[in-house]
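Chain by chain, the residues run as shown.
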Amino acid sequence: MNMAPLTCCPSFTESAVRRPCRVIGTAAVLWLVAIGLFPAISAFPAMAGETAGFPGKQSEWNGYPRYDFEVDGKPVMVIAPHQTATGRPWVWHGEFFGHKPAPDIALLGHGFHIVYMRVPNLLGAPSAVKSWDACYQELTGKYGLAAKAALVGLSRGGLYCYNWAAANPEKVACIYGDAPVCDFKSWPGGKGKGKGSARDWQLVLKEYGFQDEAQALAYDKNPVDNLQPLARAGVPLLHVYGEADDVVPWEENTGLLAQRYRQLGGSITLIAKPGIGHHPHGLDDPTPIVDFIRSHAPSDPSAKAAPRRLDAVDQLGVAIEPSRQIVYKKAGGKELYLHLFEPDGWQATDRRPCFLIIHGGGWAGGVPRRMYPFAEHFARQGMVGVSLHYRRLGSTPDTTVLECVKDARSAIRFLRAHADELGIDPGRIVVSGGSAGGHLAVSTALFTQLNEAGEATETSAVPDALVLLFPALDISEMPKAIEKFGERWQELSPLQHVRAELPPTIIFQGTADTATPFAGAKAFQAAMKKAGNRCELVAHEGGRHGYLMFDKELFQDTLARTEKFLDSLDFLPAKRPRGVAP
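Under an unreviewed UniProt entry, the protein chain has the name Carboxylesterase NlhH and belongs to Lignipirellula cremea.

Right, here's the structure in full:
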């Protein structure tokens, strides 16, 4: 008796095979498989939460099952999670799998598969792309991995990832590049600032089928040249790179690619590591990498933050992205970032005023994105805008508000020390902050004794002006803050430490604020004036805590008043050239 294969039925899944096992027993099902009434279970894509039936040699990698087999005659390695995430997301490495494995280990814990196809010395050539095509068909068609893969291109692995992605943009969830090669003329060609590699340059000529070097130099399908397919498909990118990389110079690779991708409307996040060369790769804390990949996975519900109501400023910040993020400090095994917004026409040789803003959240919550609209606005005024990432209270057992203040001071010190590379005037640094962030902002000027151990304190961490948004200024009237600060709260209460020669300050405060009481702002202004300091107080009658964040008109009014204040200090290059009288 001839029977049509049961696989033609769209509703037939592996669970249909497993159900009979509970009813008639495993032995009976195996007999049915043997006589052809049921196809072998391994022919079906593994379901979420189950071990994939991958072939080949099985071993272990960091506590997870590893499978080694061949596709298209090339070695393929798959690391399987213990519990597969919904949608069966996966990460595909271009080269150097196993180097800096922390992101992979974390993603395995979140249910991702990790894949590597070994095709070395092909440098992303058409033959490598063809082998990747075969690997993709095998893993998605036979083993049911997600239709879109997250690609990881480390160094020369960038050529593999970007060349395959440009040919298959609809199959790519996102790309994470770590000091990636984005133009083989830069490396291994060495036709720019980099050292190059004569051996690998000959491999490029051979594997790409170029007749001579002139033909290779005229090639227009390098990743930096072939971004339109990815931009059209909306593929998000993340690049981590060392600013001192002389092997794969970031300006010729990541920098050029980012500029062109953004011009095409694409989204790319840049994380810069000052003073770091091509090595070491990765980040000490892989969280930004893991979060990026998880947030763009085909279906990883646990990666999606619980929805919350967005206020007016949050809504403005959703579509805003910084020019780049730069590591300003390492503390507790984690990188801390400045989220930079560079103005139009920015050059590293500029000497522009800087607007650094610090998010609130009770010293224990909040994120830099919260304050993106402020940083982006002042970048449009010609300043370098910066939103600060700092350690939060309770993130580790030994993190207190003291560490929050130290981080804010470290950030100012970094901006001054790297002013020549960041295009910043070290004498025109404005620090702003909202709520707890306002407390940290004023603390940078007041608590000069709080410095990170080993930091070069000869560079001042005191700002040149302060813009405080509903700040915590009198901790003695804030019981919840006292509880968070502990016994040392008096050391960190701004009102009690006002002195002469503090930066000019403007404060925005609602009169009905019960979280950071208006009385504290009024008393602080009085103390500042008594000490001979300039301090303006903009009171919003009936305004509750954070009032200007909830209303676009109030937000715009705050920006306009801040501009007027900064203009009086000659801090707005978009208003007039420096030195011209108001």
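Moving on: the overall build of the protein chain. Assigned secondary structure in the protein chain consists of 18 helices and 17 strands. When each of the 582 residues of the protein chain is scored for burial, the buried share is 55%. Here the contacts in the protein chain between residues at least 6 apart in sequence split such that 72% fall between residues at least 24 apart. Carbon and sulfur atoms provide 52% of the accessible area of the protein chain, an area that totals close to 24,600 Å².

A few words on the nonpolar core. Counting 100 residues, the largest nonpolar core has Trp92, Leu139, Leu151, Leu338 and Trp363 as its most contacted members. The element that contributes the greatest number of residues to this core is helix H13 (residues 401–417), accounting for nine residues. When residues of this core are assigned to domains, at least three fall in each of domain 1 (57–297) and domain 2 (312–568). When residues no more than four places from it in sequence are discounted, the contact partners of Trp363 are Arg392, Leu393, Val401, Cys404, Ala436, His439, Leu440, Ala472, Met478, Ala481, Lys484 and Phe485. One finds Phe355, Ala465, Ile506 and Phe555 within the second-largest nonpolar core, a separate group that totals 30 residues.

Attention now goes to helix H18 (residues 552–568). Between its terminal C-alpha atoms H18 stretches 24 Å, which fits the 24 Å expected from 17 residues at 1.5 Å a residue. Taken together, the buried positions of H18 are Phe555, Thr558, Leu559, Thr562, Glu563, Phe565 and Leu566. Viewed along the axis of H18, the buried residues span an arc of 165°, placing them on a single side of the element. Along H18, exposed side chains directed more than 90 degrees from the buried face belong to Glu553 and Lys564. By the N-cap criterion, in which a side-chain oxygen at the helix start approaches the backbone nitrogen of a residue two or three places on, H18 is capped by Asp551, the distance to Glu553 being 2.8 Å.

Attention now moves to the pattern of salt bridges. Here the structure, examined in full by the defined rule, presents 28 salt bridges. Two residues, Asp68 and Arg66, come together in a salt bridge whose shortest N-O distance is 2.7 Å. The residue Arg413 makes a salt bridge to Glu455 at a minimum N-O spacing of 2.7 Å. Highlighted residues: Arg413 in helix H13 and Glu455 in the loop between helix H15 (436–446) and strand E15 (465–469), separated in sequence by 42 residues. By relative accessible area, which is 6% here, Arg413 ends up buried. Classification of Glu455 as partly exposed rests on a relative accessible area of 24%. Sharing partners across several salt bridges, the network here consists of Lys329, Arg391, Asp407 and Glu452.

In this section: the packing of H13 against H15. Running from amino to carboxyl end, H13 crosses H15 at an angle of 65°, the nearest separation of the two axes being 9 Å. Crossing geometry of H13 relative to H15 is assigned as right-handed. Contacts between H13 and H15 involve Val401, Cys404, Val405, Ala408, Arg409 and Ile412 on the former and, on the latter, His439, Leu440, Ser443 and Thr444. For the contact of H13 with H15, the residue count by class is six nonpolar, three polar and one charged.

Close contact between helix H3 (residues 102–109) and helix H10 (residues 287–295) brings their axes to 9 Å; oriented N to C, the two are set at 45°. In terms of axis orientation, H3 runs oblique to H10. Viewed along their axes, H3 and H10 form a crossing whose handedness is right-handed. In this structure, H3 contributes Pro103, Ala106 and Leu107 to the contact, and H10 contributes Ile289, Val290, Ile293 and Arg294. Residues that form the contact of H3 with H10 fall into these classes: six nonpolar, no polar and one charged.

Our focus in this paragraph is helix H6 (residues 198–207). For H6, the full list of buried residues reads Asp200, Trp201, Leu203, Val204 and Leu205. If you follow the buried residues of H6, they end up packed against helix H7 (213–217). Where H6 terminates, the next one or two residues include Gly209, which has phi positive at roughly 75°.

So, on to the packing of aromatic side chains. Here the structure, examined in full by the defined rule, presents 25 aromatic pairs. When the centroid spacing of 6.3 Å and the interplanar angle of 15° are considered together, the rings of Phe97 and Tyr116 count as stacked. With Phe97 in the loop between strand E4 (90–93) and H3 and Tyr116 in strand E5 (residues 113–117), the pair connects residues that are 19 residues apart, well separated along the chain. Tyr116 carries the same exposure label as Phe97, and that label is buried. Taken together, the aromatic side chains of Trp90, Trp92, Trp132, Tyr136, Tyr160 and Trp164 make up a single cluster linked through ring pairs.

This part takes up the environment of Trp250. One can find Trp250 in the loop between strand E8 (237–242) and helix H9 (251–263). A sequence separation of 70 residues divides Trp250 from Pro180, and the C-alpha atoms of the two residues are 8.5 Å apart. Sequence-distant contacts of Trp250, defined by excluding residues within four places in its chain, comprise Tyr241, Gly242, Glu243, Asp245, Gly255 and Leu256.

Let's shift gears to the environment of Ile506. When you line up the elements, Ile506 lands in strand E16 (residues 505–510). Taking relative accessible area as the criterion, Ile506 reaches 1% and is therefore assigned buried. Once residues within four sequence positions are removed from consideration, Ile506 is found in contact with Leu466, Val467, Leu468, Glu536, Val538, Arg561 and Phe565.

So, on to the pairing of E8. With six of six residues buried, E8 lies mostly within the body of the structure. Here E8 shows no split at all, with Leu237, His239 and Tyr241 on one side and Leu238, Val240 and Gly242 on the other all buried. Sheet topology places strand E7 (residues 172–178) next to E8; four bridges connect them, and they run parallel. Bridging across to E8, Asp178 finds its partner in Val240. In the sheet, E8 pairs with strand E9 (residues 268–273) via six bridges, with the strands oriented parallel. Among the inter-strand pairings, His239 is bridged to a residue of E9, identified as Leu270. Between the parallel elements E8 and E9, the chain passes through H9 in a crossover that is right-handed.

With that out of the way, let us pick up the confidence of the model for the protein chain. Confidence along the protein chain averages 90 in pLDDT terms, with 88% of residues attaining 70 or more. Across residues 1–51, where pLDDT falls below 50, the model places 56 contacts with residues more than four positions away in sequence or in other chains. Low pLDDT, under 50, characterises residues 576–582; the stretch is placed with nine contacts to residues that sit more than four places away or in other chains.

Calculation notes
Residues numbered from 1 in each chain as written. Predicted model: local features only at pLDDT ≥ 70, side-chain atom pairs only at ≥ 80, totals over all residues. Heavy atoms only, no water. Helix = DSSP H or I, 4+ residues; strand = E, 2+ residues; numbered from the N terminus. Buried < 20%, exposed > 50% of the residue type's maximum accessible area, 1.4 Å probe, protein only. Contact = heavy atoms within 4.5 Å. Areas by Shrake-Rupley, 256 points an atom, 1.4 Å probe, with all protein chains shown as cover. Core = buried A, V, L, I, M, F, W, Y, C linked by side-chain atoms within 4.5 Å. Domains from an automatic or database assignment. Expected span 1.5 Å × (residues − 1). Arc of directions from axis to C-beta. Polar contact = N/O pair within 3.5 Å; in protein donor to acceptor, adjacent residues only side chain to side chain. Salt bridge = Lys/Arg side-chain N within 4 Å of Asp/Glu carboxyl O. Axes fitted to C-alpha atoms, helices over the stretch in contact; angles between N-to-C directions. Left-handed = near helix turned anticlockwise from the far one by under 90°. Nonpolar A, V, L, I, M, F, W, Y, C, P; charged D, E, K, R; others polar. Parallel < 35°, antiparallel > 145°, perpendicular 65-115°, else oblique. Phe/Tyr/Trp six-rings, centres within 6.5 Å; stacked < 30°, edge-to-face > 60°. Pairing = 2+ DSSP bridges. Right-handed = clockwise from strand over helix to strand, strands pointing away. pLDDT = per-residue confidence, 0-100.

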